[in-house]
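# Structural overview
In case you want the letters, here they are:
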Amino acid sequence: MATKHEQIIEYITNLAVGEKISVRSIAKALTVSEGTAYRAIKEAENQGLVSTIERVGTVRIETKKKENIEKLTYAEVVNIVDGQVLGGRNGLYKTLNRFVIGAMKLEAMMRYVEAGNLLIVGNRDQVHKVGLEAGTAVLITGGFDTSDEVIELADELELPIISTSYDTFTVAAMINRAIYDQLIKKEIVLVDDILIPFQDTFYMTTQNTVDKWHDLNQKTGHSRYPVIDSNLKVQGMVAAKDVLGASKQTPIEKVMTANPITVSERTSIAAVAHVMVWEGIELLPVIDSQRKLLGVISRQDVLKALQMVQKQPHIGETIEDIVTSRVEDRSTVDEMMFECEVTPQMTNQLGTISYGVITTLVTEIGSRVMRKYKKGDLVVENITLYFLKPVQIDSLMTIKPKILEIGRKHGKIDVELYHDDEIVGKAMMMAQLID
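Residues numbered from 1 in each chain as written. Predicted model: local features only at pLDDT ≥ 70, side-chain atom pairs only at ≥ 80, totals over all residues. Heavy atoms only, no water.

## Some thoughts on the overall build of the chain
Note the threshold: Where helices and strands are cited, they refer to DSSP runs of H or I of at least four residues and of E of at least two residues respectively, numbered from the N terminus. Partly exposed describes any residue whose relative accessible area lies between the buried limit of under 20% and the exposed limit of over 50%, with all areas from a 1.4 Å probe on protein chains only and scaled to the type maximum. Contact definition: two residues touch when any of their heavy atoms are within 4.5 Å. In short, Shrake-Rupley with a 1.4 Å probe defines the accessible areas, and a residue's cover is counted only from the protein chains shown. In this charge count, Lys and Arg are treated as positive and Asp and Glu as negative; neither His nor the chain ends contribute. In plain terms, the charge of a residue is placed at NZ if it is Lys, CZ if Arg, CG if Asp and CD if Glu.
Secondary structure assignment for the chain yields 16 helices and 22 strands. For the chain, with 435 residues in total, the buried portion stands at 43%. The long-range share in the chain, meaning contacts at least 24 apart out of those at least 6 apart in sequence, stands at 55%. Just so you have it, the chain exposes about 22800 Å², and 50% of that area is on carbon and sulfur atoms. Where the 49 positive side-chain charges of the chain centre and where its 59 negative ones centre are 5 Å apart.

Given below as structure tokens:
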């Protein structure tokens, strides 16, 4: 039997794209409390099923495919630019292909305008109208309004016309930033990219006995299986050590590990690798928000994915990329040494290098040095930072790492940071090595 929360999510999923919902309408339609309805709507928003807009409400939007993540819906644009929807609300769920800035004469501008675009323009009613007629939504900058005739046309064509108080340049930068952020997200490999799906997963149920484990073990050669109940919810994990010495008639519930560690399909592979190494786990069940089994993820698949990610070219640049791209290897035969110039992005509000940047530098340089000794990936376990002196913008720092200990599974490294031959920081980093 599905829970009320599950029922609401299913109800929202089955709604037509573009349909409006509210806490009250959900509560009434499914006879649930408004609190339950509110929590489910928030979950649906996290899943990208709906978008909530101030003064408009919550709209069912197109669920994005992974390859289409860089496209925004008009509803998302409204939220990005703190906009007000003047008309065409029924088209908010649609995705836009690209945006066009209307800063030229009408005839010249219309050469660039196509259906499915977003036309960003100021206080030009005629342009608003012609844009809508060409099949493009309109974003009016500078806080201006538009005529009643244009609003009626927007409603009729179901193309949003949005007003924002920001200027054209700021709006373009904000939308670009949102697309850029989504491109960075697109690069991050998630569990749902590599999981073994439910239909290909070998699992046991709470009704099984140890005998079933032996059957599966003989058939598959694997030794670990998730255990689910009649509602497909994960109740435990069972491995060879659990069934050791147990009779074949023993209920699996008696020997399994209850409440196992699980991951969701939206968890990043880097986070999963950390859990698997830290806990010494070979196989993890992947669950949805109701703890239903979606599949499993193996340590081997995670390591393969990590290696694949490192070989991929990056599209978006994260803060970490900005910092690590400034690191130059100046090592000699006798000494390992790196240099890094302190750029404005690396500083705090006082104009000196931030703690976060120092941590990133220590992690990056420590990892580079360890990889010279051990091939494979590593997971940082602990960093202890002794920050002695502030370093200001445009300073050139010298970073000297020293391996203290390196074994098959662990590494320990000491990192010293210098400016003008004077020590300004010191750190100790410990990492687990994955082979």
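Alright, that's what it looks like, and here's the rest.
## Points about the domain arrangement of the chain
Which entries qualify depends on this criterion: Start and end points for every domain follow an automatic or database-based domain assignment.
Under the domain assignment, the chain is made up of domain 1 (4–60), domain 2 (74–187), domain 3 (191–308) and domain 4 (319–434). Here the C-alpha centroids of domain 1 and domain 4 sit 47 Å apart.

## A short note on the environment of Y74
For Y74, the position within the fold is in helix α4 (residues 74–80). The sequence separation of Y74 and L96 amounts to 22 residues, and the corresponding C-alpha distance is 6.7 Å. Not counting the four nearest positions on each side in its chain, Y74 is found in contact with G91, L92, K94, T95, L96, G116, N117, L118, A137, P160 and I162.

## Some points on the sheet that holds strand β1 (residues 20–21)
Strands in a sheet are paired, the pairing made by backbone hydrogen bonds, and the direction either parallel or antiparallel. We count it as follows: Being paired, for any two strands, means DSSP has found at least two bridges between them.
If you walk across this open sheet you meet the 3 strands as β1-β3-β2, and the pairing is antiparallel. Edge strands, defined here as strands with exactly one partner in the open sheet, are β1 and β2 (50–53).

## Quick word on the pattern of salt bridges
Put simply, the rule reads: Basic side-chain nitrogens of Lys or Arg form a salt bridge, by our definition, when they fall within 4 Å of a carboxyl oxygen of Asp or Glu.
Under the defined criterion, the tally for this structure stands at 16 salt bridges. A salt bridge links E133 to K129; the shortest N-O distance between them is 3.9 Å. Here E133 and its partner K129 are both found in helix α6 (residues 125–133), 4 residues apart, which amounts to about one turn of the helix. E149 is paired through a salt bridge with K129; the nearest N and O atoms lie 3.4 Å apart. With E149 in helix α7 (residues 148–157) and K129 in helix α6, the pair connects residues that are 20 residues apart, well separated along the chain. What emerges from the salt-bridge pattern is a single network uniting K129, E133 and E149.

## Overview of the pairing of β2
Two faces belong to every sheet, and in a regular strand the side chains alternate between them. The sheet contact formed by β2 and strand β3 (residues 57–60) spans 4 bridges and is antiparallel. Residue pairing across strands places I53 opposite G57, the latter belonging to β3.

## Remarks on unusual backbone geometry
Phi angles above zero are rare outside glycine, and D394 is one such case at about 70°. Overall, the relative accessible area of 54% leaves D394 in the exposed class. For D420, which is not a glycine, the phi torsion comes out positive at approximately 50°. As for its position among the elements, D420 is in the loop between β21 (410–419) and β22 (422–434). Taking relative accessible area as the criterion, D420 reaches 65% and is therefore assigned exposed.

## Quick notes on the nonpolar core
What counts here: Buried Ala, Val, Leu, Ile, Met, Phe, Trp, Tyr and Cys residues form a nonpolar core when they are joined through side-chain atoms within 4.5 Å.
Judged by nonpolar contacts, the single largest core of 27 residues is most densely connected at I353, L361, M397 and I399. With 7 residues, helix α16 (residues 355–373) is the single largest residue contributor to this core. Of all hydrophobic cores here, the second largest spans 22 residues; its members include I53, V56, L96 and I175.

## Re the packing of aromatic side chains
Two measures describe an aromatic ring pair: the distance that separates the ring centres and the angle between the ring planes. Stated formally: Aromatic pairs are defined between Phe, Tyr and Trp rings, using the six-membered ring for Trp, whenever the two ring centres lie within 6.5 Å; interplanar angles under 30 degrees are classed as stacked, those over 60 as edge-to-face, and all others as tilted.
Tallying each qualifying case throughout the model produces 1 aromatic pair. Measuring from centroid to centroid gives 5.1 Å for F198 and Y203, while their planes differ by 20°, and the two rings are stacked.

## Quick look at the environment of D200
Turning to its location among the elements, D200 is positioned in the loop between β9 (196–197) and β10 (204–205). Taking the C-alpha atoms as reference, D200 lies 28 Å from I12; in sequence the two are 188 residues apart.

## Looking at the packing of helix α2 (residues 23–30) against helix α3 (residues 34–46)
Angle between the axes and distance between the axes: these two values describe a pair of packed helices. As a reminder, the rule being used: Fitting a line to C-alpha atoms yields each axis, with helices limited to the stretch in contact; the angle taken between N-to-C directions then spans 0 to 180 degrees. Crossing chirality is assigned from the near helix's rotation relative to the far helix, an anticlockwise turn below a right angle marking it left-handed and a clockwise turn marking it right-handed. Side-chain classes are defined by residue name, with Ala, Val, Leu, Ile, Met, Phe, Trp, Tyr, Cys and Pro counting as nonpolar, Asp, Glu, Lys and Arg as charged, and the others, Gly among them, as polar.
For the pair α2 and α3, the least separation of the axes is 8 Å and the interaxial angle reads 115°. Classified by chirality, the crossing of α3 by α2 is right-handed. Counted together, V23, R24, I26 and A27 of α2 and E34, A37, Y38 and I41 of α3 form the full contact between these two elements. Class assignment of the residues belonging to the contact of α2 with α3 gives a composition of 6 nonpolar, no polar and 2 charged.

## Examining the side chain of T201
Counted only if it meets this: Polar contact is the term for a pair of N or O atoms within 3.5 Å; when the atoms are in protein, one must be able to donate a hydrogen and the other to accept it, and sequence-neighboring residues count only if both atoms are side-chain atoms.
With respect to the secondary-structure elements, T201 resides in the loop between β9 and β10. For T201, a relative accessible area of 8% corresponds to the buried category. A distance of 2.9 Å separates a polar side-chain atom of T201 from the backbone oxygen of P197. Filtering out sequence-adjacent residues up to four positions away, T201 remains in contact with I196, P226, L293, G295 and V296.

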